[in-house]
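Residues per chain, in single letters:
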Amino acid sequence: MHNEVISANPLKLDLRSHAKCMAICLFATLSTFQYGLDYALIGGFLSMPGFLEVYGYYSPKLKAWNIDPTVQQLISSLLTLGTFIGSLMVGPLSTKFGRRHGLWAASTLNAIAVIIMISTTDLRAMYAARLILGVAVGWFFTFSQLYIHEAAPAHLRGVVFSVYQVMLSCGSIIGASIDFGTRDMKGKRAYQIPLCICLVVPTIQSIALIFTPESPRWLMVQGRDTDAEKSLRKLRNSIIDEHQLQAELNEIRESTKEQVYQNKGYLFFEMWRGTNLRRSILSICTVSLHSANGFSWITNYTTYFLKIAGIAKAFEYTILLNSSGLIGVLSSFFFVRKLDRRTVLFWGCVFCGTCQLIPAIVWSARGAGVVSGKMIVAFFCCFYFVYCVYAPQAYLVGGEIPNNQLRPFTYGIGTAVNFLGVWLCTFTAPYFINPAKLGWAAKYGYIWFGSNVVAAIFVLLFVPETRDRTLEEIHEMFEAKLKVGEFKSYVCVGVENFATEGKAKADQILGEKDLQT
């Protein structure tokens, strides 16, 4: 499953020739850094005395500041609700205004939400700010990934998405570290200082976007061929061979024209018609592998198992947990260009399921205790490692499958469904884990082992191989109604013909330049 695939990608297949584009994509991935930072920073507020003094109450029984469970649930869930709403809005907004304007809008909403949270002491204003911030987070997350899908060269998309996961892990680690540094401060400064940090990265990215070209594929969908060519030239190396540039440009131009011609109705309905139906279902389900693997319950309820294991320093463990994920994604750089997407997704599901099955078995055999707790902690670290290796591939494949015109609608709905699944898991997990309810504790892992088995079977039976393929090749293969096993070896004659026509145009352009000189 790791042999070289056939591809009509006309570009040089090295990294150095595309350093400029990689740098541009790096700035785009700052959005995922912000995503990780927001969740880590604000997630730590609920344990800060300074925050609880404003939005909580003093409990004589506990002799400490506490927060009402309903308030806690709303503060946590409104962010997730906002990401769900924001992701659903990506389709129409991105189709109309493009990827860059979406990221600028996310930065604006982020600033509004953060300023409200810094300045207010009113709970209703805090709720509104959390909802607004959720929309911004959804936009950061989705608009940046759409841009990366459409800007990065086909053979380097996997590398860029690994960078995205690195940024996410770094944002989480830095966010947790900042919270640790301010947690014992008295008064509102304890949470206001971390909130101010939430303004830094979006500001940097907003400035960088001024000098960043818009997605050439979005411009082509809008019928702005000349602007699309200018954008592609800015994305590619300044000394790129004209034949390569014109070949890639013509592939995008001609394939996009076909796609736009086919999608004559309202785009939301076009998603579910003809060959688009298969692509939409595959994209949404592949993106939703994140909520299907149990990641959310592990991240939200690890502290419970830390107490059982007798581990008092929860912060240090949180850093360890995130660091194991960072090590996992860094290790993926060594094979992401060599292994097939299907291979990584399949074994990722298998190992994530195993890392939840073993703790469930241990808990069933030994019950609660230090040994069981430490075993669970160890396998949760392994889970983080494996999850961060394969997680970028799910987002990557999920965004490669839709065509250029429908991508924002399909991918936006996919991320919305994924966030809905995360919320559902977070909302229902206490019922399974809490001793006052079912009291399963780690045995809850049996359910997620089964979920991961289903996900692995889904990948094996339905997800096609897309490694090193241009987005236009993927479109041609779906239009040809290929079976899953035929994707890897299929020769995209139509796209190759577009590339040949582009090279012929390059000869014409170069010939005219020679005559002028």
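Look up a bit, the structure's there.
(A) Quick peek at the overall build of the protein chain. When helices and strands are tallied, the protein chain shows 22 helices and two strands. Relative to its length of 517 residues, the protein chain is compact, with a C-alpha radius of gyration of 24 Å against a globular reference of 24 Å. Each principal axis of the C-alpha atoms in the protein chain carries an extent, and together these give about 90 × 50 × 40 Å. Within the protein chain, the proportion of its 517 residues that are buried is 56%. Sequence separation of 24 or more characterises 82% of the internal contacts of the protein chain that already satisfy a separation of 6 or more. Only carbon and sulfur atoms are counted for the fraction: they give 66% of the accessible area of the protein chain, which is about 21200 Å². Computing the positive centroid from 46 side-chain charges and the negative centroid from 35, the protein chain places the two 10 Å apart.

(B) Region of interest: empty space enclosed by the protein. Applying the stated criterion across every chain yields a total of four cavities of 30 Å³ or more. Its boundaries defined by the atoms lining it, the largest cavity holds a volume of some 70 Å³. Taken together, 13 residues line the largest cavity, and the ones lying closest to its centre are N9, A154, R217, E248 and T470. Class assignment for the residues of the lining of the largest cavity results in five nonpolar, two polar and six charged.

(C) Quick peek at the pattern of salt bridges. Applying the stated criterion to the full structure yields 17 salt bridges. The shortest N-O distance in the salt bridge between R407 and E150 comes to 3.0 Å. Remark: E150 occurs in helix α5 (residues 123-151) and R407 occurs in helix α19 (residues 407-433); sequence separation between them is 257 residues. One network of salt bridges, in which partners are shared, links D340, R467, D468 and K488.

(D) Geometry of the layout of surface pockets. When its volume is computed, the second largest pocket comes out at roughly 240 Å³. Looking at the second largest pocket, it is lined by 15 residues, and the ones nearest its centre are R100, T212, P213, E214 and L219. Of all the secondary structure elements, the ones that give two or more residues to the lining of the second largest pocket are α4 (69-119), α9 (216-221) and α10 (225-235). Considering each element in turn, the lining of the second largest pocket owes the most residues, four residues, to α10. Grouping the amino acids of the lining of the second largest pocket by side-chain chemistry returns six nonpolar, three polar and six charged.

(E) Molecular detail of the packing of helix α17 (residues 341-366) against helix α20 (residues 445-462). Where α17 contacts α20, the two axes come as close as 8 Å, and the packing angle between them is 165°. Looking at the two axes, α17 sits roughly antiparallel to α20. Relative to α20, α17 is oriented so that their crossing is left-handed. Along the lines of polarity and charge, the residues of the contact of α17 with α20 split into 15 nonpolar, six polar and one charged.

Rules used in this analysis
Residues numbered from 1 in each chain as written. Predicted model: local features only at pLDDT ≥ 70, side-chain atom pairs only at ≥ 80, totals over all residues. Heavy atoms only, no water. Helix = DSSP H or I, 4+ residues; strand = E, 2+ residues; numbered from the N terminus. Rg over C-alpha atoms; globule rule 2.2 N^0.38 Å. Buried < 20%, exposed > 50% of the residue type's maximum accessible area, 1.4 Å probe, protein only. Contact = heavy atoms within 4.5 Å. Areas by Shrake-Rupley, 256 points an atom, 1.4 Å probe, with all protein chains shown as cover. Lys, Arg positive; Asp, Glu negative; His and termini not counted. Charge placed at Lys NZ, Arg CZ, Asp CG, Glu CD. 1 Å grid on protein atoms, 1.4 Å probe; cavity = no way out; pocket = protein on both sides within 12 Å on 5 of 7 lines; lining within 4 Å. Points joined across faces, edges and corners; volume = space filled by probe spheres on them. Nonpolar A, V, L, I, M, F, W, Y, C, P; charged D, E, K, R; others polar. Salt bridge = Lys/Arg side-chain N within 4 Å of Asp/Glu carboxyl O. Axes fitted to C-alpha atoms, helices over the stretch in contact; angles between N-to-C directions. Parallel < 35°, antiparallel > 145°, perpendicular 65-115°, else oblique. Left-handed = near helix turned anticlockwise from the far one by under 90°.

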